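Close look at the chain arrangement
Take a look at the letters that make up each chain.
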Amino acid sequence: MISQATIQQIQSRIDIIEIIGSFVKLKKRGVNYLGLCPFHNEKTPSFTVSPVKEIYKCFGCGKSGNTIGFLMDLEKYSYVEALKWLAAKYDVPVEETELSPEKKAKQQEADSLYILNNFAQNFFSQFLFEEGEGLEIGLSYLKERGFREDIIRKFQLGYNPASGNGFTSAAQKAQYQKEMLLLSGLSVERNQKLVDNYRGRIIFPVHNQSGKVLGFGARIIQSNDKAPKYINTPENELYVKSRILYGSYFARQAIDKADECLLVEGYTDVISLHQAGIENVVASGGTSLTPDQLRLIKKYTNNLTILYDGDSAGIKAAMRGLDLALEEGLNVKLALIPDNEDPDSYMHKIGAKAFLEFIGENKQDFILFQLGISLKDAGQDSQKKSAIVNQIADTISRLDKPEDFTRRQDYIRQVSQILKIDEAGMLNLVNKFIRERIQKFQQKFSEPQDFSATPIPETTGLDVIPELLPKDDLQERAFVRSLIEFGLKPWDEEKSVADFLLFEFDEKEISESFDNKVLLDIIALYRKWYDEGIQPTEKNFLYHEDKNLHSLILSVMETNVEISPNWKNFYEGHIATREDLYRAEVKGTLNYLILRKVKRLIELNQQDMENCTDPMDQLTLIQTHATLKTLEMQLTKEVGTVVYK
Ligand code: ZN
């Protein structure tokens, strides 16, 4: 990574008019500059650059951002590339940051594993194609299964010799350390001797998105009751099962092109479909899909089609992950391969063309499919049937984004028809699940906390009385804005505003007071920079790597704050600006957060009082109530709100 100091140096030199002006002809128009948008075709200029705000915005196509974002969009640079381009332009020496010792160690471990895996993959492939045992046992087995040589090479399949430690001794000769061999899962220790873990097995390397080998699956050749059919790399710094989709490296372009991802269970399914020219296919390894895997798919397409054989255990596992897929907004379809076949064998049986036709004709909607299966399972059992109604309502309720509305209504109608139940009743049930999920979510963020450790700031002496309690979100934004806008100003003789906000009121307290968790990320980032000795301003955020942060910061900084008449009159003779009153504003936002917490504690304490039967405990609770009420009054006076309770 490029160090913050370098980024700051670059930032301080950027002249947005100069940079954008070297790509777009700009004319001054008032305080801004105007030109023809480089991102869309236009004849009259609607592309505006503001040198004051250091941002550009096109009123034609809506593109906007800062100088770095401009370079990233126009020149297709990465964030780092854009920074380096600017550094070169302004002669800023680029300084790379040091990783923490822990991160460095992990990085080194991952690097070593890559190198070792690469060595192993070469060894296994070479053995498969060049050694007697590899050819006679490994390659002949693969050919028997119908795999062509070009496809075996493409997927870099290999063979691990059956005798004790062929691979391990080769690796040790090549100076690979025992520790790494064990960590990679390629070798194991038997009777204090290091031996091969995948003896006599076909090796399937597992690649990441960019084709590097993360680990291996090793398949037994002769079936044997005692040994597992597959052994996989144990979890390590590289091989994290929940993030892996087998075949994604070879499938990504085809998925993009077809706008559909086919999901199968096993390595051989992926490979044989590829061989037949069906390349938009990945395997999940037969477990339920994880959020990471779903996100990986979503990078390429919104359409996921699952190809499983009807009675496999894998289908149940896959279905468990699918509620998540719906929440992620994926369209999930399912095509069942006929009994006693898997995608691999069925493809061989009927050929690629017929196979694709079969999928096209047989893929069904996942939710309706799930319903069909459950109904078949339930038979005439009425208890099981009502459980199904609940389950399907729960599933449909996951489609809870505004844009899912039509889909959700469609499902409710279809499902009611299939189940022969009242549509309005189904709608109510679905809504109930949506409500419950929202409630759970809210509870998660308003759990009771111990208030005793919180320091209570003294009153400002200012009589700040906004008329109504503003919305919580606005208050949270106001806190963040105070921090960014006034953080470096003095709070008192010793402390800055940032010192006061971040350290008087500690991290945990702040995080518990916020409903909007995204704002917390901003505070955490500010804290990190501040700790590192950087003096963060709005600019630091606007030039951050994460582009989502830019618009968030802009909206936070634009949050409109009404100055109450009392504030305005505070300075006699002239109207006080926010600048004059920054201490009051800082204090106000902080007090508001504390007040919110006190209110929650009062509610909680009241619940306890209602449930309490022990007189001594009751007394304690009443005393607590009184203390909290006093605190509430005091804070309310400071914040200037009226409590209706
Ligand atoms: Zn435009």
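Thresholds, definitions, all that
- Residues numbered from 1 in each chain as written.
- Predicted model: local features only at pLDDT ≥ 70, side-chain atom pairs only at ≥ 80, totals over all residues.
- Heavy atoms only, no water.
- Salt bridge = Lys/Arg side-chain N within 4 Å of Asp/Glu carboxyl O.
- Helix = DSSP H or I, 4+ residues; strand = E, 2+ residues; numbered from the N terminus.
- Buried < 20%, exposed > 50% of the residue type's maximum accessible area, 1.4 Å probe, protein only.
- Pairing = 2+ DSSP bridges.
- Expected span 1.5 Å × (residues − 1).
- Polar contact = N/O pair within 3.5 Å; in protein donor to acceptor, adjacent residues only side chain to side chain.
- Axes fitted to C-alpha atoms, helices over the stretch in contact; angles between N-to-C directions.
- Parallel < 35°, antiparallel > 145°, perpendicular 65-115°, else oblique.
- Contact = heavy atoms within 4.5 Å.
- Nonpolar A, V, L, I, M, F, W, Y, C, P; charged D, E, K, R; others polar.

Let's shift gears to the pattern of salt bridges. Counted according to the given criterion, the structure contains 19 salt bridges. With its nearest N and O atoms 3.5 Å apart, the salt bridge here joins Glu357 to Lys353. You can see Glu357 and its partner Lys353 sitting in helix α16 (residues 352-362), 4 residues apart, about one turn around the helix. Among the residues examined, Glu357 registers a relative accessible area of 41% and is labelled partly exposed. In the salt-bridge network here, residues are joined through shared partners; they are Lys143, Glu149 and Arg153.

Direction of pairing for strand β1 (residues 27-29) relative to strand β2 (residues 32-35): antiparallel, over a ladder of 3 bridges. Pairing of Lys27 across the sheet is with Leu34, part of β2. Two successive antiparallel strands, β1 and β2, enclose a turn made up of 2 residues, where Gly30 displays a positive phi of approximately 65 degrees. Relative to strand β3 (residues 47-50), β2 is paired through 3 bridges, and the arrangement is antiparallel. The residue bridging Leu34 from the neighbouring strand is Thr48, located in β3.

With that settled, the discussion passes to the environment of Gly533. Assignment of secondary structure puts Gly533 in the loop between α24 (517-531) and α25 (538-542). Taking relative accessible area as the criterion, Gly533 reaches 56% and is therefore assigned exposed. Distance from Gly533 to Ala5, taken between C-alpha atoms, is 9.6 Å for residues 528 residues apart in sequence.

Below, the discussion takes up helix α17 (residues 366-378). Taking 1.5 Å per residue, 13 residues should reach 18 Å; α17 reaches 18 Å between its end C-alpha atoms and fits that length. Three or more residues of α17 are buried, namely Phe366, Ile367, Phe369, Gln370, Leu371, Ser374 and Ala378. Two to three positions downstream of the cap, the backbone nitrogen of Ile367 sits 2.9 Å from a side-chain oxygen, assigning the N-cap of α17 to Asp365. In the stretch just after α17, Gly379 is the one whose phi turns positive, near 60 degrees.

Take unusual backbone geometry next. Backbone geometry at Asp91 places phi at a positive 55 degrees, although glycine is not the residue there. Here Asp91 lies in the loop between α4 (79-89) and α5 (101-130). Asp91 gets classed as exposed once you look at its relative accessible area, which sits at 66%. Even without a glycine there, the phi angle at Gln175 is positive, about 75 degrees. Within the secondary structure, Gln175 sits in the loop between α8 (166-173) and α9 (178-184).

What follows covers the packing of helix α11 (residues 267-275) against helix α15 (residues 343-350). In the contact formed by α11 and α15, the axes pass within 8 Å of each other and the chain directions differ by 30 degrees. With respect to each other, α11 and α15 are oriented roughly parallel. Taken together, the residues of α15 that come into contact with α11 (itself represented by Thr268, Asp269, Ser272 and Leu273) are Pro343, Asp344, Met347 and His348. Among the residues making up the contact of α11 with α15, the classes are represented as 3 nonpolar, 3 polar and 2 charged.

Keep in mind that these numbers describe shape and distance, not what the molecule does.
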